[in-house]
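Each chain, written out:
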Amino acid sequence: MIKYDLHLLGWYEFQKLCLTIVQEILGQTVMTFLDSNDAGKDGAFSGTWKQKDGEDLTGNFVIQCKFTNKSDKNLRLSDLDDEFSKIERLVLEKQCDCYVLMTNAGISGRFETTFSRKLSALGVKTWRVFGSNWIYTQIHESNQLRTLVPRIYGLGDLSQILDERAYSQARQLLLSMRDDLSKIVITTAYYKAAKALSDHGFVLIIGEPAAGKTTIASLLAMAAVDQWKLFTLKLDTPELVIKYWNSDAPNQFFWIDDAFGVTQYESDLVNNWNHILPQVKAMIKQGIKIVMTSRDYIYRRARNDLKEGAFPLFNESQVVIDLHKLTTPEKEQILYNHLKLGRQTKQFLTKIKPFLNDIANNSRFIPETARRLADPAFTKQVYISKYSLMQFVERQESFLEDVIRGLDNDCKAALALIYMNNGQVVSPLELEQNEYDAINKLGSDIGSCIQALEAMKDSLVQYTFIEDNSVWRFKHPTIGDAYARIVSKSPEQLEIYLYGTNIEKVMEQVTCGNVGLEKTIIVPKAMYNIILERILLFKESEAYKTGYLSRWGAKRKIYTFLSRRSSKDFLNLYISKNPKIFEQIVKPSMSFHYSEDIDLVIKLNELQLLPENYRKEFVNYIAHFTILGEDLYVLRNDDLQKVFTIMELEDLKQKVRAQLLPNIEDLRRKREDEFRKFNDDTSEEHMEDFFDKMNILQEEFQEEENVIEVIENEISKAKNWVDEHLFNKNEKPDRILDIAEEKTIIKSSRSIFDDIDI
């Protein structure tokens, strides 16, 4: 018999589990659920109870839930003494023809016999008793029930809950999630995300830091493994999505956490997503499911660069998590679950118990609040009083900084290693010389850092698996945020970080001056020379193996840093050391939308750092390819148009009208001729570039009906060509997450926190 730790649910969640079983397994619609203090019935309905086997039961039904927080407890008749007087009254009032008892305690044969005699003597006509073993069976046999009550995944042995094939596929992923799954609370955002995934095959979950984006994604991952038997992969980058995509198998589920940057916006990630959007569309058509998450402020940045027109699902399949819309019962349950399953002592729970309702009702409460309150590592300096606890909730960032500052040198050095490696460091530790030097300056060594990581495991750091590699990472990205704030306030630590961290990672985490990016380390002017010195020596990127790509990757990193993360003062300093930069960027690579050269030209022109002769050379180059119809990006991008003078821009548009529009048919035919039936693209995907150009021209000439007519005619011909060149692909599997939003509210005069310290 497979067992589940139902005693960890708490009385409130156990009642909800019973309600779900009654509705989903037994097929009954229960009027309401009440607590055990209300008239002796936790649920009630009137009608016919359709049973799978045996005769149907009719009449007025009373459902009673008996919860115990002790594992392996057997129910005794004396445990129900308070209920029998209520049952007798309900029978006299003709409200109880059948009594249903559901409990997570064990039911012995002797108990059933004596219980039956007692109910018969009280006048109850029929009764049913469902104990822990029966509930275990329902959970094990119904993946639908597990999906509706996903905390179950964290309360049992995953290797037994899931079938062998699904478990072996997702073992590493699920093992790292199990602790979090046991504390999960279903919110409205989860139901919206499940619907978006069912309707579109794709969902983008957006929210503030610590809002619960990863929690929702983990629930969807579990549903994919359990309900659909999908091969589930948690990946970090667009390149890995393409690497692991099996175009012959639609049974894959991709989970990409922090798709556009972990704690701050990373433009390279967005550009890489833009490059693979055609493949992403093909995956979804094939039946593959994709879940992405992003912090809200990072996605606001990303939207400026994402080709949303080429992938409308970025808009159509968004689920925004609004922390202010968490209901009070949801916040109370989140707080209860973390404290009940956390590391705090019973003495601590007893002391904090009177203030838990106030904590949950505080407008600044977020799920991360509950996680930190449940861990002694975060509450050592917290005095248990209402004022002190409200300060803990409302000033979470400063409290977290105080916790990190209070660590010993070895723990601080271990956190530094993780931060220096963009939030995760491979285990076992293999450090570069500059990393050895950095931790030595922080007063530690590699052996002490390893011990510190073990000591902080599951509080400040987490040991998990990513792409088959074991890694140490921050338990939550907000810890990285706090560490960055500490570093930015300490000149000594900042200098250690700037010299000790791989320059590629530095360029992804800092800005030279305040350029308006959130959650970044701002390097002061006095330290610009450190960054400049390292950038000028940076010639090859470690992200690529071949020499050509390594040099290209290094150039791309530098240009991106200069265009997005550099102030005018730093750019002036860089130009003084590398005046050839202008020659290198005025003839950008195709396609213009992805060109970091163009971004840098725009930035230099905006700051009046672009010499006029280079500006004209750049304008002529862009205009040449626009008139040919090779790339129409300038007609869509307002920032790029600002590099042109008013007269230059008007001249360009006149030449597009006079020279490009008469040749649209040739443009279409050329694109059609480049198609190969047996390449990776369908005919529709192949023609997306042409359709995108036509959309740009339609927007540009929307007031000219004769021009629009010509464009629409060519679009129509292109669509006919697409239809004529379609070829069969595997039919998309029909996978729907049948999860209706739970509307039942348990009305209760009893506090959910009643048994928090038992």
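Below you will find a few notes about this structure.

Conventions we followed
- Residues numbered from 1 in each chain as written.
- Predicted model: local features only at pLDDT ≥ 70, side-chain atom pairs only at ≥ 80, totals over all residues.
- Heavy atoms only, no water.
- Axes fitted to C-alpha atoms, helices over the stretch in contact; angles between N-to-C directions.
- Helix = DSSP H or I, 4+ residues; strand = E, 2+ residues; numbered from the N terminus.
- Parallel < 35°, antiparallel > 145°, perpendicular 65-115°, else oblique.
- Contact = heavy atoms within 4.5 Å.
- Nonpolar A, V, L, I, M, F, W, Y, C, P; charged D, E, K, R; others polar.
- Pairing = 2+ DSSP bridges.
- Phe/Tyr/Trp six-rings, centres within 6.5 Å; stacked < 30°, edge-to-face > 60°.
- Buried < 20%, exposed > 50% of the residue type's maximum accessible area, 1.4 Å probe, protein only.
- Lys NZ or Arg CZ within 6 Å of the ring centre and 35° of its normal.
- Left-handed = near helix turned anticlockwise from the far one by under 90°.
- Patch = residues over 30% accessible without salt bridge, like charges linked within 9 Å, V, L, I, M, F, W, Y side chains within 5 Å.
- Areas by Shrake-Rupley, 256 points an atom, 1.4 Å probe, with all protein chains shown as cover.
- Salt bridge = Lys/Arg side-chain N within 4 Å of Asp/Glu carboxyl O.
- Disulfide = S-S within 2.5 Å.
- Core = buried A, V, L, I, M, F, W, Y, C linked by side-chain atoms within 4.5 Å.

Brief notes about the packing of helix H28 (residues 547–564) against helix H29 (residues 568–577)
- It is the contact of H28 with H29, at a shortest axis distance of 9 Å, that shows an interaxial angle of 140°. When the interaxial angle is binned, H28 and H29 end up oblique. Between H28 and H29, the contacting residues are Ile-558, Phe-561 and Leu-562 on the first element and Phe-570, Leu-571 and Tyr-574 on the second.
- Of the residues that constitute the contact of H28 with H29, the class distribution is 6 nonpolar, no polar and no charged.

Some remarks on the sheet that holds strand S12 (residues 461–466)
- Within the open sheet, the 3 strands sit side by side as S11-S13-S12. Their pairing is antiparallel. A single partner strand is all that each edge strand has here, and the edge strands are strand S11 (424–426) and S12. Adjacent strand axes in the sheet meet at a mean angle of 30° when their direction is disregarded.
- Of the strand pairs in this sheet, S11 and strand S13 (residues 469–474) are connected by 3 bridges, and their pairing is antiparallel. Residue pairing in the sheet places Val-425 in a bridge with Trp-472 of S13.
- Set on the sheet, helix H21 (residues 409–420) makes contact with S11, S12 and S13; between it and S13 the angle comes to about 110°.

Some words on the packing of aromatic side chains
- A full pass over the atoms with the stated rule returns 22 aromatic pairs.
- Look at Tyr-528 and Phe-570: their rings are 5.5 Å apart centre to centre, the planes differ by 90°, and that puts the pair in the edge-to-face class. Of this pair, Tyr-528 sits in helix H27 (residues 528–537) while Phe-570 sits in helix H29, and the two are 42 residues apart along the sequence. Residues Tyr-528 and Phe-570 agree in their burial class; the two are buried.
- An angle of 20° between the planes, with centres 5.4 Å apart, marks the rings of Phe-582 and Tyr-614 as stacked. With Phe-582 in helix H30 (residues 581–585) and Tyr-614 in helix H32 (residues 612–627), the pair connects residues that are 32 residues apart, well separated along the chain.
- With a relative accessible area of 17%, Tyr-614 lands in the buried category.
- One aromatic cluster is present, formed by Phe-202, Phe-260, Tyr-299 and Phe-314 through successive ring pairs.
- Between the NZ or CZ atom of Lys-118 and the centre of the ring of Phe-84, over which it lies, the distance is 5.2 Å.
- Sitting above the plane of the Trp-255 ring, Lys-234 keeps its charged end 4.4 Å from the centroid.

Let's talk about the packing of H27 against H29
- The interhelical angle for the contact between H27 and H29, taken along N-to-C directions, is 45°, at an axis separation of 11 Å. Regarding the angle of H27 to H29, the classification is oblique. Classified by chirality, the crossing of H29 by H27 is right-handed. Across the interface between the two elements, Tyr-528, Asn-529, Ile-531, Leu-532, Ile-535 and Leu-536 of H27 pack against Asp-569, Phe-570, Leu-573, Tyr-574 and Lys-577 of H29.
- Of the residues that constitute the contact of H27 with H29, the class distribution is 8 nonpolar, 1 polar and 2 charged.

Section: the sheet that holds strand S7 (residues 231–235)
- On the basis of which strands lie adjacent, the open sheet formed by 5 strands has the order S7-S8-S9-S6-S10 and parallel pairing. At either end of the open sheet lies a strand with only one pairing partner, and these are S7 and strand S10 (318–321). Between one strand axis and the next, the sheet turns through 15° on average, direction left out of account.
- Strand direction decides the pairing type here: strand S8 (residues 252–256) and strand S9 (residues 289–295), joined by 4 bridges, are parallel. Residue pairing across strands places Phe-254 opposite Ile-290, the latter belonging to S9.
- Lying on the sheet, helix H8 (residues 188–200) is in contact with strand S6 (202–207), S8, S9 and S10; it crosses S6 at an angle near 150°.
- Against the sheet, helix H11 (residues 267–286) touches S6, S8 and S9, its axis set at about 145° to S9.

Overview of a nonpolar patch on the surface
- On the surface, Tyr-548, Leu-549 and Trp-552 cluster together to form a nonpolar patch covering roughly 310 Å² of accessible area.
- Take Leu-549: it is sitting in helix H28.

Regarding the state of the cysteines
- Within the structure shown, the criterion is met by 0 disulfides.
- For Cys-98, which is in no disulfide, the shortest distance to another cysteine sulfur is to Cys-96 and amounts to 7.4 Å.
- Its relative accessible area of 1% is what places Cys-98 among the buried residues.

Considering the side chain of Thr-379
- Within the secondary structure layout, Thr-379 lies in helix H18 (residues 376–379).
- Judged by relative accessible area, which is 6%, Thr-379 ranks as buried.
- Other than its neighbours up to four places away in sequence, Thr-379 contacts Gln-344, Phe-348, Arg-372, Leu-373 and Phe-392.

Some details on the nonpolar core
- Counting 110 residues, the largest nonpolar core has Tyr-497, Leu-498, Ile-531 and Leu-697 as the members making the most contacts within it.
- Setting aside residues up to four positions removed in sequence, Tyr-497 forms contacts with Tyr-419, Met-420, Val-487, Lys-505, Val-506, Gln-509, Val-510 and Ile-521.
- Ranked by size, the runner-up nonpolar core spans 56 residues in total, among them Val-22, Leu-335, Met-390 and Phe-753.

A short note on the environment of Gly-500
- Checked against the element boundaries, Gly-500 lands in helix H25 (residues 491–500).
- Separated by 68 residues in sequence, Gly-500 and Glu-432 have C-alpha atoms that sit 9.1 Å apart.
- Ignoring sequence-local partners within four residues, the contact set of Gly-500 consists of Met-420, Asn-434, Glu-435 and Ala-438.

Observations concerning the pattern of salt bridges
- Under the defined criterion, the tally for this structure stands at 44 salt bridges.
- One salt bridge connects Asp-597 with Lys-555, and the closest N-O pair in it is separated by 3.9 Å. Separated by 42 residues along the polypeptide, Asp-597 in helix H31 (residues 596–606) and Lys-555 in helix H28 bring together distant segments of the chain.
- The buried category is assigned to Asp-597, whose relative accessible area is 2%.
- Glu-630 is the salt-bridge partner of Lys-670, the closest N and O atoms lying 3.4 Å from each other. Within this pair, whereas Lys-670 is found in helix H36 (residues 664–673), its partner Glu-630 is found in the loop between H32 and helix H33 (633–636), the two being separated by 40 residues in sequence.
- For Glu-630, a relative accessible area of 35% corresponds to the partly exposed category.
- Salt bridges sharing common partners tie together Glu-665, Arg-668, Arg-669, Glu-672, Glu-714 and Lys-717.

These figures capture arrangement, not role.
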